Amino acid sequence: MPVGDDICVLFDSGVRHGDDVVKTLALGADAVLLGRPYAYGLVVGGEEGVQKVIRQILGEYDVTMALSGYTTPRLLNRSILQPV
Ligand SMILES: Cc1cc2nc3c(=O)[nH]c(=O)nc-3n(C[C@H](O)[C@H](O)[C@H](O)COP(=O)(O)O)c2cc1C
């Protein structure tokens with residue numbers, strides 16, 4: 001549910017893939033936070049590992065948006081989501 005133009009909504013917890021980002025933005029988030037993926041990347045590959053994790057999630061986000069036919073996150077809203 002939109003909470004107003006003057007409030008920034010950050011979604012935290014459980015974001016693992018780019019499609020999670022699309023879903024959270026569709027639910028009304030302005031941005032997502034990464035906790036454990038960031039830490040896992042750091043442990044496995046240091047700074048480069050963190051960059052790799054972020055690039056992977058951004059790439060998945062781009063593919064999900066493209067395959068869903070959306071060119072901008074501004075087009076995302078709850079109506080695009082299907083219950084499973
Ligand atoms: C190693 C580690 C350190 C964290 N330190 C903090 C912290 O200092 N303060 C805080 O509010 N949350 C902290 N968190 C919680 C994360 O910000 C985040 O809320 C949580 O990990 C859930 O997101 P995730 O599912 O992406 O891991 C930490 C998480 C991890 C894994």
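Placed above this text is the structure.
Residues numbered from 1 in each chain as written. Predicted model: local features only at pLDDT ≥ 70, side-chain atom pairs only at ≥ 80, totals over all residues. Heavy atoms only, no water.

(A) Local environment of unusual backbone geometry. The backbone phi angle of Ser-13 is positive, close to 100°, even though this residue is not glycine. Following the sequence through the fold, Ser-13 ends up in the loop between strand E1 (10-12) and helix H1 (18-26). (Helix = DSSP H or I, 4+ residues; strand = E, 2+ residues; numbered from the N terminus.)

(B) Seen up close, H1. Counting buried residues along H1, seven of its nine residues qualify, which places the element largely inside the surrounding structure. The set of residues buried in H1 consists of Gly-18, Asp-20, Val-21, Val-22, Thr-24, Leu-25 and Ala-26. Contacts made by the buried residues of H1 are with E1, strand E2 (31-33) and helix H2 (36-68). One or two steps after H1, the chain reaches Gly-28, where phi turns positive at roughly 120°. (Buried < 20%, exposed > 50% of the residue type's maximum accessible area, 1.4 Å probe, protein only. Contact = heavy atoms within 4.5 Å.)

(C) Spatial organisation of the nonpolar core. Grouped together as the largest cluster of nonpolar side chains are nine residues: Val-15, Val-21, Val-22, Leu-25, Ala-26, Ile-57, Tyr-61, Met-65 and Leu-76. Elements supplying a minimum of two residues to this core: H1 and H2. Leaving out residues up to four positions away in the same chain, Val-21 has contacts with Val-15, Val-32, Ile-57 and Tyr-61. (Core = buried A, V, L, I, M, F, W, Y, C linked by side-chain atoms within 4.5 Å.)

(D) Representation of the site of the ligand. Neighbouring the ligand are Asp-12, Ser-13, Gly-14, Arg-16, Leu-34, Gly-35, Arg-36 and Pro-37. Gly-14 has a polar backbone atom sitting 2.8 Å from an oxygen atom of the ligand. In this structure, an oxygen atom belonging to the ligand sits 2.9 Å away from a side-chain N or O atom of Arg-16. (Near = heavy atom within 4 Å. Polar contact = N/O pair within 3.5 Å; in protein donor to acceptor, adjacent residues only side chain to side chain.)

(E) Layout of the environment of Leu-58. Along the chain, the position of Leu-58 falls in helix H2. Residue classification places Leu-58 among the partly exposed positions, given a relative accessible area of 48%. Sequence-wise, Leu-58 and Leu-42 are 16 residues apart; in three dimensions their C-alpha atoms are separated by 17 Å.

By themselves, these figures tell us nothing about what the structure is for.
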